[in-house]
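# Inside the fold
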Amino acid sequence: MAFSLAVPRSPAEAVRLLADAPPGGAEALAGGTDLLLDIDAGRVAPSRLISLGRLPWRTLRRSGGDLVIGATLPLRDLERDPRLPRDLPGLYRAVRAVGSVALRHRATMGGNIARSSPSSDLLPILLALEARVRLVGPSGPRELPLPELLKGPRETTRVPGELIAAIVVPARRPSAYLWQRVRPSNDISQVGVAVARRERPPYWRVALGGVWPVPARLSSVEAILDSPDPGDIAVELAAQEAARCAPFVTDKRATEAYRRRLVATLLRRALREVTVP
Amino acid sequence: MTGGEGTGNAALALTVNGRRRRIRAPDAERLLDTLRWRLGLKGTKEGCRSGGCGACTVLVDGRSTLSCLTLTHEVAGATVTTVEGIGRDPVGRRVQAAFARENAVQCGYCTPGFVVALTGLLRERGPKLPPERLLEDLGGNLCRCTGYAAIRRATEAVCREVG
Ligand SMILES: Cc1cc2nc3c(=O)[nH]c(=O)nc-3n(C[C@H](O)[C@H](O)[C@H](O)COP(=O)(O)OP(=O)(O)OC[C@H]3O[C@@H](n4cnc5c(N)ncnc54)[C@H](O)[C@@H]3O)c2cc1C
């Protein structure tokens, strides 16, 4: 329970503090909404937290055709960006799905990705938007497609001391994110379905959360959707394919059979939301 | 604490309900415990202590915040408003009055969280918001007596008044 807190002023200092610590000895602290609970539950026991609160990453920038989301920007600030609901409706819906307003005043996208939860509401839409992740670490910066960062629940391919600095998505893309849960607020999604439509082929990107240890794209479903405006038959085939692919988990939140039904229903609705103006 | 190295029990300053407070607190201390046990402000309630119920909601620089999941040192220098100070804010005053008038209180344990969260929402989003959206955005606050109907009436009433 007892830990000390360091508050570095620069990314380089934060990286050094993390890289120099013994394994498991130090953890980065962003909003703390996952980490402090993990500490309370004894899942991790760092002797030192390295606060990211003073790093210059609470930013939101549009550059070229990209939206660059600073890793430590509170999710609420992203949600309140006036252009987000229109330009990236799927991302807007996904951000609003996370916890509650008070939670989103502190919770960040960097923390959500680093925590890499099977039922994250942000990972499916970020996968569908083909997000790239900018990292800084002991051997300098690099940029990765999101799938290359995700390894398993609470596991990423970051090297010790490496931090997520920013997330890059297209500034605009027709998209949707639909979820199902027992309670609308502050509950974990049983299933999350994200779709995004590109301007050129391949047109569709489809990703699922809550069904596997790591949220992932559904390439077999994307292949069925080969037109920007799929008809009823293509939508139905896509929904059936999505419900049929690789085994889904059964846990206390939902059975595999229920998850399959949810995935098919939510995918149908999500595709219609994006295609029907 | 400041700088790169943690001393474990550093001094910090907070402005709480308009009063500047200088305190010492362990690095791991939560804002909830600082408010209740160090500053004696017991209006802020501990519910689930895991971010799920909203009973511990306070405003930090005007933004509703779960004090159970916030390290005190992470908000060093900030302005904190708890339910004890919410009536100094004209919007907060109206929220309190509406809750009292509509009897939006049963056991009262969740009330400080609701009052603070609603005040934060009204201040942040302005009165232009439809009441349905306000109610949706209050979803992080639970009432275990399920006195939601009265809370909803109070929320709709304030929304009309402030609008
Ligand atoms: C009541 C409650 C409800 C929730 N509801 C949802 C929900 O509906 N949907 C959902 O997806 N999530 C939910 N969450 C989980 C959590 O709030 C989110 O995952 C949040 O985005 C985590 O961000 P954070 O800044 O708080 O991370 P932190 O807790 O600060 O960090 C989480 C992990 O990431 C690491 N980390 C943080 N930032 C970085 C970085 N920039 N680079 C490298 N590593 C980093 C930390 O070391 C830690 O291991 C909920 C949590 C609670 C308590």
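Note that this is a predicted model, so its numbers are computed, not measured. Starting from 1, residues in each chain are numbered consecutively following that chain's sequence as written. Each chain takes a letter, starting from A, and each ligand takes a number, starting from 1, following the order in which they are written. Selection of residues for local features in this predicted model requires a pLDDT of at least 70, selection of side-chain atom pairs for listing and counting requires 80 or more, and totals for whole chains, interfaces and linings are taken over all residues. Heavy atoms throughout the structure, all of them, feed into the side-chain values; hydrogens and water do not.

## Things to note about the interface of chain B and chain A
Our working definition: Any two residues whose heavy atoms approach within 4.5 Å are treated as being in contact. Here's the idea: put two parts together, see how much 1.4 Å probe accessible area each one loses, and the total over both is what we call buried area. Within this document, salt bridges are pairs made up of a side-chain nitrogen of Lys or Arg and a carboxyl oxygen of Asp or Glu, the two lying within 4 Å of each other.
Each side of the interface is counted separately: chain B has 34 residues, and chain A has 37 residues. Between chain B and chain A, a total of about 2,900 Å² is buried, with carbon and sulfur atoms accounting for 45% of that surface. Looking at the side of chain B facing chain A, the largest losses of area belong to Arg-63, Leu-69 and Glu-74 of chain B, adding up to 21% of the total buried there. For the pair chain B and chain A, the interface holds seven salt bridges.

## Some remarks on the domain arrangement of chain B
By a widespread convention, an interface's size corresponds to the accessible area lost as its parts come together. Residue and element names in this part refer to chain B. Test applied: Residue ranges for the domains trace back to a domain assignment, done automatically or taken from a database. The term polar contact refers here to a pair of N or O atoms within 3.5 Å; inside protein, the definition further demands a hydrogen-donor-capable atom paired with an acceptor-capable atom, and it admits residues adjacent in sequence only when both atoms are side-chain atoms. The way it works is that DSSP assigns letters per residue, a run of H or I at least four long becomes a helix, a run of E at least two long becomes a strand, and they are numbered from the N terminus.
Looking at the assigned domains, one finds that chain B contains domain 1 (9-81) and domain 2 (86-162). Just the C-alpha atoms count here: the centres of domain 1 and domain 2 sit 21 Å apart. Listed as interface residues are 16 residues of domain 1 and, on the opposing side, 11 residues of domain 2. On inspection of domain 1 and its partner domain 2, the count reaches zero salt bridges. For the pair domain 1 and domain 2, the number of links is four residue pairs in polar contact (both at pLDDT 80 or more). The element contributing the most residues to the side of domain 1 that touches domain 2 is strand 3 (residues 57-60), with three residues.

## Regarding the packing of aromatic side chains
Residue and element names in this part refer to chain A. Which entries qualify depends on this criterion: Here is the rule: rings of Phe, Tyr and Trp (six-membered ring for Trp) pair when centre to centre is within 6.5 Å. Planes less than 30 degrees apart are stacked, more than 60 are edge-to-face, and the remainder are tilted. For every residue, the accessible area (1.4 Å probe, protein chains only) is compared with the maximum for its type, and the residue is labelled buried under 20%, exposed over 50%, or partly exposed between those bounds. Any Lys NZ or Arg CZ found within 6 Å of a ring centre and within 35 degrees of that ring's normal is scored as a charge over the ring.
In total, this model carries one aromatic pair over all chains according to the counting rule given. Seen in terms of ring centroids, Trp-212 and Phe-248 are 5.7 Å apart; in terms of plane orientation they differ by 70 degrees. Their pairing is edge-to-face. Residue Trp-212 is located in the loop between strand 13 (204-209) and strand 14 (216-217), and its partner Phe-248 is located in the loop between helix 11 (232-244) and helix 12 (256-275); the two are separated by 36 residues in the primary sequence. Neither residue differs from the other here; Trp-212 and Phe-248 are each classed as buried. The aromatic ring of Trp-179 is capped on one face by Arg-181, whose charged end is 4.5 Å from the ring centroid. Of note, Arg-260 hangs over the ring of Phe-248, and the distance from its end group to the ring centre comes to 4.5 Å.

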